[in-house]
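# Descriptive structure summary
Single-letter residue listing:
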Amino acid sequence: MKIGFIGLGNMGGPMAANLVKAGHDVTAFDLVAEPPVGATKADTSAEAATGAKVVITMLPDGAILRAVATEIVPVLDQGTVFADCSTVDVDSAKAVAKMAEDAGCLAVDAPVSGGISGATNGTLTFMVGGSDAGFDTVSPLLDVMGQKTVHCGASGAGQSAKICNNMILGATMAVTCEAFALADKLGLNRQKMFDVVSTSSGYSWSMNAYCPAPGVGPQSPSDNDYQPGFASELMLKDLRLAQAAAMSADADTPMGALAAQIYETFVETENGLGADFSALLPRFEKRGHDPKVKV
Ligand code: NAD
């Protein structure tokens, strides 16, 4: 299939490489990064998109996505599918889809879970919003780049699923870290804490698969001095997107709001930038009880 690929960073680069490896004809553009071996290099987004049956974007945020969409939609053939795999705000996802559909194209939002290793190994999970026709066209490509795809509903539903998932993840990781710090102060051995919680009703992905305590549970970034993994600033981005969506949809999300505040403080004033999002554990270890919990 002839594919245009725009945004070749940590995620987009290996995703495009997997499409090339599967035999697709990929024309790729990035402001900085080079295309993978076997792809054709384009000099602009519009050049990458011209003549493509599917255009895939993997960009930093909604504002950049809207700018790229403005550049490429006028050159897309009728029936081309615009598939955005970036994590962006729901409103931008819907606006870009409408722009493409008004021009006679199809559009899906298809954000991913699974991180850089998932992108490299072709084991991402895709959560997709958009029409059946758009989904059916991109589905074989998503199967190349990932191992699981869920069609969540209409335009924006993929981004909605992504930010709800990551709001749960951020809040769960924060409470898992503070529970370990509390257990320390209560004199409870961390391994015993893991043995109980990982097989009791407090279990979660954060505890069982990504334990924030070094030397406890399966191998995770905590065993590598909290090198990411999934960096705290990326978690903060997703928690902010969840709060923007909550405001836009008039939903009450106090746990998500508090998690966003905690990661904001950690990233912006406590050297959390560049540390894995499970590095809240050493942060909580150093702190004492604060009676003023604000939301
Ligand atoms: P990145 O910063 O490594 O890559 C983004 C790329 O976009 C860069 O190479 C940049 O040069 C390029 N770019 C920026 N503006 C552009 C433009 N106007 N035209 C063309 N290229 C442009 O980011 P990433 O880690 O690859 O993440 C991409 C997206 O995937 C983000 O939305 C992120 O939230 C999401 N995501 C990332 C991870 C992760 O673990 N890194 C996991 C899941 C989802």
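Located above this text is the structure these notes cover.
Structural notes, computed from the coordinates. (Residues numbered from 1 in each chain as written. Predicted model: local features only at pLDDT ≥ 70, side-chain atom pairs only at ≥ 80, totals over all residues. Heavy atoms only, no water.)

### A few points about the pattern of salt bridges
Within this structure, the stated rule accounts for nine salt bridges. Ionic pairing is found between K41 and E34, a salt bridge with its closest N-O pair at 3.0 Å. For K41, a relative accessible area of 46% translates into the label partly exposed. You can call E34 exposed: its relative accessible area is 52%. A salt bridge links E270 to R283; the nearest nitrogen and oxygen atoms lie 2.7 Å apart. Residue E270 is located in the loop between helix 11 (254–269) and helix 12 (280–285), and its partner R283 is located in helix 12; the two are separated by 13 residues in the primary sequence. The class of R283 is buried, set by a relative accessible area of 10%. Bridged by salt links that share partners, the residues D184, R190 and E285 form one connected network. (Salt bridge = Lys/Arg side-chain N within 4 Å of Asp/Glu carboxyl O. Buried < 20%, exposed > 50% of the residue type's maximum accessible area, 1.4 Å probe, protein only. Helix = DSSP H or I, 4+ residues; strand = E, 2+ residues; numbered from the N terminus.)

### Points about the nonpolar core
Among the nonpolar cores identified, the biggest contains 32 residues, and F180, M207, C211, Y263, F277, L280 and L281 are the most heavily contacted of them. With eight residues, the top contributor of residues to this core is helix 7 (residues 157–185). Apart from the residues within four sequence positions on either side, F180 is in contact with R190, M193, M207, C211, P212, A213 and L281. Ranked by size, the runner-up nonpolar core spans 29 residues in total, among them L19, C85, V128 and M145. (Core = buried A, V, L, I, M, F, W, Y, C linked by side-chain atoms within 4.5 Å. Contact = heavy atoms within 4.5 Å.)

### Details of the site of the ligand
The full set close to the ligand counts 22 residues, and N10, M11, D30, L59 and K237 are the nearest of them. M11 is positioned with one of its backbone polar atoms (N or O) 2.8 Å from an oxygen atom of the ligand. Residue L59 places a main-chain N or O atom 2.8 Å away from an oxygen atom belonging to the ligand. With the chains in place, 83% of the 830 Å² that the ligand exposes on its own is no longer accessible. Listing elements by their share of the shell around the ligand, those giving two or more residues are helix 3 (62–72) and helix 10 (232–249). (Near = heavy atom within 4 Å. Polar contact = N/O pair within 3.5 Å; in protein donor to acceptor, adjacent residues only side chain to side chain. Areas by Shrake-Rupley, 256 points an atom, 1.4 Å probe, with all protein chains shown as cover.)

### Section: the pairing of strand 6 (residues 106–109)
Pairing between strand 5 (residues 81–84) and strand 6: four bridges, direction parallel. Following the sheet pairing, V81 is matched in strand 6 by L106. This β-α-β element, strand 5 to helix 4 (residues 90–102) to strand 6, shows right-handed connectivity. In this sheet, strand 8 (residues 124–130) lies alongside strand 6 in antiparallel orientation, the contact comprising two bridges. For D109, the partnering residue across the bridge sits in strand 8 and is G129. (Pairing = 2+ DSSP bridges. Right-handed = clockwise from strand over helix to strand, strands pointing away.)

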